[in-house]
Amino acid sequence: MAESRGEVEAPPSGSAQGLPGSTGTAPPSSNPLSRKLHKVLETRLDNDKEMLEALKALSTFFVENSLRTRRNLRGDIERRSLAINEEFVCIFKQVKEELESINEDVQAMSNCCQDMTIRLQAAKEQTQDLMVKTTKLQAENQRLEMKAQVAGAFIGKFQLTPDEMNLLRGTRDGPITEDFFEALGRVKQIHNDVKILLRTNQQRTGLEIMEQMALLQETSYERLYRWAQSECRTLTQESCDISPVLTQAMEALQDRPVLYKYTLDEFGTARRSAVVRGFIDALTRGGPGGTPRPIEMHSHDPLRYVGDMLAWLHQATASEKEHLEAMLKLVTTQGVEENVQEVVGHITEGVCRPLKVRIEQVIVAEPGAVLLYKISNLLKFYHHTISGILGNSAAMLLTTIEEMHLLSKKIFFNSLSLHASKLMEKVLSCVLDPLLQLCTVSASNLGTADMATFMVNSLYMMKTTLALFEFTDKRLEMLQFQIEAHLDTLINEQASCVLTRAGLSCIYKSVQQHKPEQGPLANLPSLDSVSLKAAMVQFDRYLSAPDNLLMPQLNFLLSPTVKEQIIKQSTELVFRAYSDIYAAVMNPANEYKDPETILHRSPHQVQSLLS
């Protein structure tokens, strides 16, 4: 404080006029006051922040610059410093008291914490097992939560919800909605997904789920089949509407071919009765309000009658095919088209009997060749048209129409044949009868063989000419009978000629006319051994060359077949005559000595030579 005061009071004691002129070049002085003064003068207040702060603080209470205030400045500063220090002490005392209070609180807290630490340590020692168990339970809880999540995901993927189960296991007569098919699709998906489990170590679970889904599928398909069957049974009206649910049902049932087939059969049976009833109504009652009129009312006009029935069946067949295609439009299995054709064929099968009966009545009534021809073409046209709907399957309706077409053609050709035969009969009567009469008159003056040859040739020419034409069967039969009669004449003549020229004719007649009471044949003049041997010489010549004994009339026959027939049958007559002679000679009752030397050829040998 002494230095401060000396520095403040320096300006009054120094030369005020010497200060501005000081340049700092004066020689240094050994006076301490001068050095201090120089030090003060050299000080730059603008760079001394502490000095500036001190002056700023001084300005707050040093308001008057006088001699008195300057002299008292040191005391004022000391007193102010003392006051500040006292204030500081007072404030610090409060701080100390607060700190002591805080220290007491902290000490109390420390004691409390130590107590708590001790108690916690004791509690920790006492609850160590509980903590271990708690830790284990927490870990177990986390593991169970994870298992619960996995189980939930597993159940969500491989199990159905209660609502889905209720949909699939609904009542027997309960309705089927689209939600049912969604649940059924989920069952299929689960059944396919569960195969993944079979490739893991969860095979038992996979098998159980697969078995459960399989049983549920069978139950669902059985219920769906019963519902579809019931729906099909209601489709007995002439026009039916196929619901989208039934279409979805057929799509689902395609996975069960047996139930799918039974449902189609049920649909076919229901629609068959509807089509039959509609056909009978169209025949007898007509349309609504009598328009169109009943088809039976046109039965007097065969062509329109048959045409109206076939047109109605064509329309009904097309409609039934459209209904079936609408029901099976979602089915993707192979053979849908064959199923459609088969069911439509079954549906139309019921009308075949009434249709066949009515068309047969029209055809059998023989309305005339022209109408029969038109009906035949009409049946052929509708057979082609309906076959485009039913395909090439062996549908009974197509078979019935084809049978009626063949029947109409048959009756048509029979009618033509009848007319043609009547016409041909008149023509033949006018031409053939006079010609036959002329041939008979011309041959009346000829010999037996010549007459027979002439008539055979004439009749053969007539027969071959008429054989080129139809409707001449009766005339051909008549000509054939006449030819056979003349052939018998030629055969007998040829056989007689051979026996006569071979020397066996008289012998054969004697053997035929011989009676036991006349005695043995060997005693008769013309049947002795010598006569027989002479006849056998001539017969041997015939056997060596049978053609040398043919009648010349046979060479004039126009038909080689007829000539061969005459030669063959006449040879058989000669063989039978020789056999009778041989049997008579070999008979001991006729008393021939050494008959083997008389007739040295057996009938079998003769037959071989003649054949």
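Thresholds, definitions, all that
- Residues numbered from 1 in each chain as written.
- Predicted model: local features only at pLDDT ≥ 70, side-chain atom pairs only at ≥ 80, totals over all residues.
- Heavy atoms only, no water.
- Helix = DSSP H or I, 4+ residues; strand = E, 2+ residues; numbered from the N terminus.
- Buried < 20%, exposed > 50% of the residue type's maximum accessible area, 1.4 Å probe, protein only.
- Contact = heavy atoms within 4.5 Å.
- Areas by Shrake-Rupley, 256 points an atom, 1.4 Å probe, with all protein chains shown as cover.
- Lys, Arg positive; Asp, Glu negative; His and termini not counted.
- Charge placed at Lys NZ, Arg CZ, Asp CG, Glu CD.
- Patch = residues over 30% accessible without salt bridge, like charges linked within 9 Å, V, L, I, M, F, W, Y side chains within 5 Å.
- Salt bridge = Lys/Arg side-chain N within 4 Å of Asp/Glu carboxyl O.
- Disulfide = S-S within 2.5 Å.
- Core = buried A, V, L, I, M, F, W, Y, C linked by side-chain atoms within 4.5 Å.
- Phe/Tyr/Trp six-rings, centres within 6.5 Å; stacked < 30°, edge-to-face > 60°.
- Polar contact = N/O pair within 3.5 Å; in protein donor to acceptor, adjacent residues only side chain to side chain.
- Axes fitted to C-alpha atoms, helices over the stretch in contact; angles between N-to-C directions.
- Parallel < 35°, antiparallel > 145°, perpendicular 65-115°, else oblique.
- Left-handed = near helix turned anticlockwise from the far one by under 90°.
- Expected span 1.5 Å × (residues − 1).
- Arc of directions from axis to C-beta.
- Nonpolar A, V, L, I, M, F, W, Y, C, P; charged D, E, K, R; others polar.

**Quick word on the overall build of the chain**
Right, on to step 1. A count of helical and extended segments in the chain gives 25 helices and zero strands.
Right, on to step 2. With respect to the three principal axes, the spread of C-alpha positions in the chain is 230 × 75 × 70 Å.
Right, on to step 3. Counting the 611 residues in the chain, one finds 33% classified as buried.
Right, on to step 4. Counting only contacts in the chain whose residues sit at least 6 apart along the sequence, the fraction spanning at least 24 positions is 71%.
Right, on to step 5. About 38,500 Å² of surface is accessible on the chain, with carbon and sulfur atoms providing 56% of the total.
Right, on to step 6. Computed over 64 positive and 75 negative side-chain charges, the inter-centroid distance for the chain is 2 Å.

**Observations concerning a nonpolar patch on the surface**
Right, on to step 1. On the surface, Phe88, Val89, Ile91, Phe92, Val95, Leu99, Ile102 and Val106 cluster together to form a nonpolar patch covering roughly 740 Å² of accessible area.
Right, on to step 2. Residue placement: Ile91 occurs in helix H6 (residues 73–126).
Right, on to step 3. With a relative accessible area of 43%, Ile91 lands in the partly exposed category.

**Considerations on the state of the cysteines**
Right, on to step 1. Applying the stated rule across the entire model yields zero disulfides.
Right, on to step 2. Among the cysteines around Cys112, which has no disulfide bond, Cys113 carries the closest sulfur, lying 5.8 Å off.
Right, on to step 3. Considering cysteine sulfurs only, Cys497 is the nearest to Cys506, which forms no disulfide, with 14 Å between them.
Right, on to step 4. Given the relative accessible area of 61%, Cys506 is considered exposed.

**Quick word on the nonpolar core**
Right, on to step 1. By size, the foremost hydrophobic cluster in this structure holds 78 residues, and its most contacted members are Leu224 and Leu328.
Right, on to step 2. Looking at this core element by element, the count peaks at 10 residues for helix H11 (residues 203–233).
Right, on to step 3. If near-sequence neighbours (up to four positions away) are discounted, Leu328 is found in contact with Met250, Tyr260, Leu264, Val336 and Val340.
Right, on to step 4. Counting 28 residues, the second largest nonpolar core, distinct from the first, contains Ala495, Ala502, Leu527 and Ile581.

**Some remarks on the packing of aromatic side chains**
Right, on to step 1. Evaluated as defined, the whole model comprises 10 aromatic pairs.
Right, on to step 2. Ring centres 5.9 Å apart and planes at 40° place the aromatic pair Phe539 and Tyr542 in the tilted group. Taken together, the positions of Phe539 and Tyr542, both in helix H22 (residues 529–544) and three residues apart, correspond to about one turn of that helix. One exposure class covers both Phe539 and Tyr542, and it is buried.

**Some thoughts on the side chain of Thr348**
Right, on to step 1. Tracing the backbone through its elements, the reader meets Thr348 in helix H15 (residues 336–348).
Right, on to step 2. At 3.2 Å, the side chain of Thr348 forms a polar contact with the backbone oxygen of Gly345.
Right, on to step 3. Non-local contacts of Thr348, meaning those with residues more than four positions away in its chain, are made with Thr317, Leu390 and Leu397.

**Re the packing of helix H9 (residues 178–193) against helix H12 (residues 244–253)**
Right, on to step 1. One can describe the packing of H9 onto H12 by two numbers: an axis separation of 10 Å at closest approach and a directional angle of 15°. In terms of their interaxial angle, H9 and H12 are classed as roughly parallel. Crossing angle aside, the handedness with which H9 passes H12 is left-handed. Contacts from Glu178, Phe181, Leu184 and Lys188 in H9 reach Val245, Gln248, Ala249 and Ala252 in H12.

**As for the pattern of salt bridges**
Right, on to step 1. All chains considered together, the criterion is met by 18 salt bridges.
Right, on to step 2. Linking Arg74 and Glu78 is a salt bridge whose minimum nitrogen-to-oxygen distance equals 3.3 Å. With Arg74 and Glu78 both in helix H6, this residue pair falls four residues apart, about one helical turn.
Right, on to step 3. Overall, the relative accessible area of 36% leaves Glu78 in the partly exposed class.
Right, on to step 4. Linking Glu320 and Arg271 is a salt bridge whose minimum nitrogen-to-oxygen distance equals 2.7 Å. Here the residue Glu320 occupies a position in helix H14 (residues 302–327), and Arg271 occupies one in helix H13 (residues 257–284), the gap between them amounting to 49 residues.
Right, on to step 5. Since its relative accessible area comes to 3%, Glu320 is described here as buried.
Right, on to step 6. On the accessibility criterion, Arg271 (1% relative accessible area) is buried.
Right, on to step 7. The network of salt bridges with shared partners includes Lys261, Asp265 and Glu342.

**Here's the deal with the environment of Ala122**
Right, on to step 1. Along the chain, Ala122 turns up in helix H6.
Right, on to step 2. Here Ala122 falls in the partly exposed class, since its relative accessible area comes to 31%.
Right, on to step 3. For the pair Ala122 and Arg79, spaced 43 residues apart in the sequence, the C-alpha separation amounts to 62 Å.

**Some details on H22**
Right, on to step 1. Taking 1.5 Å as the rise per residue, H22 with 16 residues should run 22 Å; its terminal C-alpha atoms sit 22 Å apart, in good agreement.
Right, on to step 2. All of the buried residues along H22 are Leu532, Ala535, Met536, Phe539, Asp540, Tyr542 and Leu543. Take H22 and look down its axis: the buried residues cluster within an arc of 155°, on one side only. Exposed residues lying more than 90 degrees from the buried face of H22 are Val530, Arg541 and Ser544.

**Some points on the environment of Thr317**
Right, on to step 1. Relative to the assigned elements, Thr317 resides in helix H14.
Right, on to step 2. Setting aside residues no more than four positions away along its own chain, Thr317 makes contact with Val344, Thr348, Ile386, Ile389, Leu390 and Leu397.

**Section: the packing of helix H16 (residues 352–364) against helix H18 (residues 396–443)**
Two quantities define a packed helix pair, namely the angle between the helix axes and the distance between the axes.
Right, on to step 1. Two elements in contact, H16 and H18, have axes whose closest approach is 10 Å; the angle formed by their N-to-C orientations is 10°. By the angle between their axes, H16 is roughly parallel relative to H18. In this structure, H16 contributes Cys352, Leu355, Lys356, Ile359, Glu360 and Ile363 to the contact, and H18 contributes Met396, Leu397, Thr400, Ile401, Glu403, Met404, Leu407, Ser408 and Ile411.
Right, on to step 2. Class assignment for the residues of the contact of H16 with H18 results in 10 nonpolar, two polar and three charged.

In short, shape yes, function no, at least from these values alone.
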